[in-house]
Amino acid sequence: MSLPAEFHAIAKRVNNWGRWGADDEIGTLNLVTDAVVREAAREIRTGRRVPLALPLKEDGVQAGLIPGRVNPLHTMVQINQEIFGPGTVACSDDAVTMGLQAGTHWDALTHVSHSGRIYNGRPADSITAHGRASFSGIDKAGHIVSRGVLLDVARAKGLDRLAGGHAVTPEDLSEAEEFGGVAVRAGDIVLVRTGQVQVYLAGDKHGYGFPSPGLSVRTPEWFHARDVAAVANDTLTFEIFPPEIEDLWLPVHALDLVEMGMHQGQNWNLEKLSTACAQESRYAFLLSAMPEPFVGAVGTPVAPVAVL
């Protein structure tokens, strides 16, 4: 089934292919300039640090919806072993096997494709089993540090959590922007809170994934107009699930990652940040969300920290 005309019309309006040159591999992260980071540092007033990652554990958020995306399998490979002989310092080591997007993570621009293409018009078949993502792997993202802005859509509506069928619209984003007294600007990393992660934290991983509120297919144009550098939220699927347009699966992924070249993140725990921003009556902060530099990977775990 081909993608509908509505999708292609939006894709044309948000497309950034060639904007930063034919060789570009990082998309909207180009908007995070030294000047943007200097201004972001001005948002630190108290030094209050808020962690945004979910714990990495075997009983994590993955419930089998995506084949192969396993929760972390953590194994001790040596325990108090005197590897240099009896009486020497003893060492303990461990190893982990996991889907790189199993927990709190960034999607690389190569995470999805459509119509045989990935970001900047490169062929989707450039991603191979052995070569991995030869272009725009997550290692190319480098450092992701900028001004973060929390758009607390749920709190702006007076809710703890949006309903599972709620598609977050551009109007919702503008409402949350006004509620927080903050204006999203070029180079910002936007965090959209729906409250959905509460379902997982309460122990219902299946209910967390489905049905889920999430971003509407209309939101990429809102982010594009403001030159947002990256977007993350507190859901498993990022966009509304099941989709708002019947049989149109992951259109927001395709618009953000492929057309716009904008990294996106999922499974971020924004609950403590929501409380902190409400307490301090400000919704902008310095955000450090460094990707693990797995070469050629299409996603990576991340342990973001907001500094207020």
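The following refers to the structure shown. (Residues numbered from 1 in each chain as written. Predicted model: local features only at pLDDT ≥ 70, side-chain atom pairs only at ≥ 80, totals over all residues. Heavy atoms only, no water.)

Here's the deal with the sheet that holds strand E1 (residues 49-51)
The pairing of strands in a sheet comes from backbone hydrogen bonds and takes either a parallel or an antiparallel form. Cut-off, in case you're wondering: Strand pairing requires that DSSP identify at least two bridges connecting the strands. Segments assigned H or I by DSSP are reported as helices when at least four residues long, segments assigned E as strands when at least two residues long, and all are numbered from the N terminus. Every angle, taken between N-to-C directions, lies between 0 and 180 degrees, and every axis is a line fitted to C-alpha atoms, over only the stretch in contact when it is a helix.
Pairing within the open sheet is mixed, and its nine strands lie in the order E1-E15-E13-E7-E9-E11-E12-E4-E14. The open sheet has two free edges, formed respectively by E1 and strand E14 (299-301), since each of these has just one partner strand. The average undirected angle you get between the axes of adjacent strands in this sheet is 25 degrees. Bridge analysis of strand E4 (residues 105-107) against strand E12 (residues 263-266) gives three bridges, and the strand direction is antiparallel.

What to know about the environment of Ala 225
Formally: Residue burial is assigned from relative accessible area. The probe radius is 1.4 Å, only protein chains are included, and a residue is buried under 20% of its type maximum, exposed over 50%, and partly exposed in between.
Positionally, Ala 225 belongs in helix H7 (residues 219-225). Overall, Ala 225 belongs to the exposed group, its relative accessible area being 62%. Here the alpha-carbon distance between Ala 225 and Val 14, two residues 211 residues apart in the chain, equals 8.4 Å.

Structural notes on the nonpolar core
As a reminder of what qualifies: Only buried residues count toward a nonpolar core. Its members are Ala, Val, Leu, Ile, Met, Phe, Trp, Tyr and Cys residues joined through side-chain atoms within 4.5 Å.
Core analysis: the largest hydrophobic core is formed by 56 residues, its most contacted members being Trp 106, Leu 191, Phe 223, Trp 268 and Leu 273. Counting residues in hydrophobic clusters, the runner-up holds seven residues, among them Leu 54, Val 61, Tyr 208 and Leu 236.

Quick look at the side chain of Glu 177
Stated precisely, the cut-off is as follows: For the purpose of charge, His is not counted, nor are the chain termini; Lys and Arg are scored as positive and Asp and Glu as negative. One speaks of a salt bridge when a side-chain nitrogen belonging to Lys or Arg is within 4 Å of a carboxyl oxygen belonging to Asp or Glu. Pairs of N or O atoms within 3.5 Å make up the polar contacts considered here, provided that, within protein, one atom can donate a hydrogen while the other can accept it, and that residues adjacent in sequence are counted only when both atoms are side-chain atoms. Should any heavy atoms of two residues lie within 4.5 Å, those residues are counted as being in contact.
Relative to the elements of secondary structure, Glu 177 occurs in helix H4 (residues 170-180). With no salt bridge to any partner, buried Glu 177 finds its closest opposite charge in Arg 226, at an N-O distance of 4.1 Å. At 2.8 Å, the side chain of Glu 177 forms a polar contact with the backbone nitrogen of Val 184. Discounting residues that sit within four places of it in the chain, Glu 177 has contacts with Leu 151, Val 182, Ala 183, Val 184, Trp 222 and Arg 226.

Notes on the side chain of Gln 101
Within the element layout of this structure, Gln 101 appears in the loop between strand E3 (91-97) and E4. Classification of Gln 101 by relative accessible area gives buried; the value is 8%. Only 3.3 Å separates the side chain of Gln 101 from the backbone oxygen of Val 298, close enough to count as a polar contact.

Quick word on the pairing of E12
Put simply, the rule is: Note on handedness: a crossover is taken as right-handed if, strands pointing away from the viewer, the path from the first strand over the helix to the second is clockwise.
Burial of E12 is two-sided: the residues His 263 and Gly 265 facing one way and the residues Gln 264 and Gln 266 facing the other way are all buried. Note that strand E11 (residues 230-233) and E12 share three bridges and pair parallel. Across the sheet, residue Val 231 finds its bridge partner in E12, namely Gln 264. Viewed along the sheet, the connection from E11 through helix H8 (residues 251-260) into E12 turns out right-handed.

Some words on empty space enclosed by the protein
What counts here: Cavity and pocket criteria rest on a 1 Å grid covering protein atoms alone: a 1.4 Å probe that fits but cannot get out defines a cavity, protein on both sides within 12 Å along at least 5 of 7 lines defines an open pocket, and an atom within 4 Å of a point defines a lining residue. Grid points are joined across faces, edges and corners, and a volume is the space filled by probe spheres set on the points. Charged means Asp, Glu, Lys or Arg here, nonpolar means Ala, Val, Leu, Ile, Met, Phe, Trp, Tyr, Cys or Pro, and polar covers whatever is left, Gly included.
Counted under the stated rule, the structure contains two cavities of 30 Å³ or more. Here the largest cavity defines a volume of roughly 60 Å³. What lines the largest cavity is Leu 54, Pro 55, Leu 56, Lys 57, Gly 60, Val 61, Asn 71, Pro 72, Met 98, Ala 102, Gly 103 and Tyr 200. In terms of residue class, the lining of the largest cavity is made up of eight nonpolar, three polar and one charged. Taken as a whole, the second largest cavity spans an internal volume of roughly 30 Å³. Lining the second largest cavity are Glu 239, Ile 240, Phe 241, Pro 243, Trp 249, Leu 250 and Pro 251.

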